[in-house]
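Per-entry structural report
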Amino acid sequence: MAQLDYYKTLRVERDASAESIKKAYRRLAIKYHPDKNQGDKEAEKKFKEMNEAFSVLGDAEKRQKYDSFGHQGVNGGGSSDYSNFNDLGDIFDSVFGGKAGNFSDVFGGGRRRQQRANDLQYKINLEFEDAYKGCEHTFNIQVHDTCNECKGNGAKDGTSVKNCTRCGGKGVTISGNGFMQLQQTCSSCGGRGSIIEETCRSCNGGGTKMRSKSLQVKIPAGINDGDKMALRSEATHGDLVPGDVYVWINVKPHFLYERNGSDLYCSMPVDVFDASLGSKIELPTMSGKRVKVNIPAGSQNGKILRLRGEGMPRLGKSGQGDILVEVKVETPVNLSKKQIELVNELKSNLNQDKVNHSPNSQSWKDKLKSLFK
Ligand SMILES: [Zn+2]
Ligand SMILES: [Zn+2]
């Protein structure tokens, strides 16, 4: 399936405000809503696409990830798939408060909405190396299956389920006057709309049974600490519309490298002689190679050396960032009497010389001079 450009799908500019994205979505959603286009495959396709686009652009955090990482940033490389056309109305309703009848008002209502199961959250701890290479992770979540014994109605096999008399089967009670009404879940039936005479022993009347479900998530190379991936419709609960499972990524720090975007940073101690004369120092990269970092003669403390393409893979894009090596010049300590003599000798030799051996000190002294003029 070709990946959508979410901005084009909603017909908005890339810098559109959250408000205008919402407006654009609303306008399109009204046009292509399933209630209005029953059986129209093209409208169905458009509606699905818009919903997918809005589920990302309508959420500030997801939008930012989409802007930075493309599709991989928001759904782990796969396309969101809404298998049930009617579920789509629920996304719209949840955005524009359809529960209050808002959308139904537009089309004269009538569609009975199915309740959606809760989303589940799961946290995965990754080694830094796994975030670099990408990996697959298998984990278990607890889901609720419809009870086999009672087929989900919670009544002991053969016993009857009666309509709740308190709410008349609606599951909610309404109190208050015409000006302000309060809608509450019915206290007699707990919102089910029915009363059970004898509860199912197998599920204690809940209608569902908990089970452990194994899920596999493919983590793309370059994923970062704090990223979130969605496994759509995996949080099943009886016959409710399934919720999503959100996988939060926690990446352990690396002993050598610190990540900044797709670049990796490390500091490298270089003794004053190697910094002065130039040297090659070996450095292990994330790909397992050992590269020789060239320290040019005359390197000053704080100099940054760049190893192109050795950084983290760019999520949702091609290529890799860089490794940045900061030179930390180290002066020798614990000198013997003889060594102090030698350093002093070198110092006086350098001082007698006409050539400038300390580029930074000289420019610093020049600055001070101009200040005291
Ligand atoms: Zn049961
Ligand atoms: Zn009731």
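Just so we're clear, the structure is a prediction, and the values are computed from it rather than from any experiment.

**Describing unusual backbone geometry**
Positive phi outside glycine occurs at Arg-11, with the angle close to 55°. Assignment of secondary structure puts Arg-11 in the loop between helix 1 (6–9) and helix 2 (18–32). Accessibility expressed as a relative area gives 49% for Arg-11, which makes it partly exposed. A positive phi angle is found at Ser-233, which is not glycine, with a value near 60°.

**Let's talk about the sheet that holds strand 15 (residues 323–330)**
Backbone-to-backbone hydrogen bonds pair the strands of a sheet. The strands run either parallel or antiparallel. Strand order across the open sheet formed by four strands is 10-11-15-14, with mixed pairing between neighbours. Each edge of the open sheet is held by one strand with a lone partner, namely strand 10 (258–260) and strand 14 (304–307). On average, adjacent strands in this sheet sit at an angle of 35° to one another, irrespective of strand direction. Here strand 11 (residues 263–271) pairs with strand 15 via eight bridges, running parallel.

**Considering empty space enclosed by the protein**
For the structure shown, the criterion picks out two cavities of 30 Å³ or more. Of the voids in this model, the largest cavity is the one considered here, and its volume is about 80 Å³. For the largest cavity, the full set of lining residues is Glu-61, Lys-62, Lys-65, Gly-73, Val-74, Lys-228, Met-229, Ala-230, Arg-232 and Tyr-246. In terms of residue class, the lining of the largest cavity is made up of four nonpolar, one polar and five charged. Shared between two domains, the lining of the largest cavity holds at least three residues of each, these being domain 1 (1–114) and domain 2 (116–152 + 204–252).

Calculation criteria
- Residues numbered from 1 in each chain as written.
- Chains lettered and ligands numbered in written order.
- Predicted model: local features only at pLDDT ≥ 70, side-chain atom pairs only at ≥ 80, totals over all residues.
- Heavy atoms only, no water.
- Helix = DSSP H or I, 4+ residues; strand = E, 2+ residues; numbered from the N terminus.
- Buried < 20%, exposed > 50% of the residue type's maximum accessible area, 1.4 Å probe, protein only.
- Pairing = 2+ DSSP bridges.
- Axes fitted to C-alpha atoms, helices over the stretch in contact; angles between N-to-C directions.
- 1 Å grid on protein atoms, 1.4 Å probe; cavity = no way out; pocket = protein on both sides within 12 Å on 5 of 7 lines; lining within 4 Å.
- Points joined across faces, edges and corners; volume = space filled by probe spheres on them.
- Nonpolar A, V, L, I, M, F, W, Y, C, P; charged D, E, K, R; others polar.
- Domains from an automatic or database assignment.

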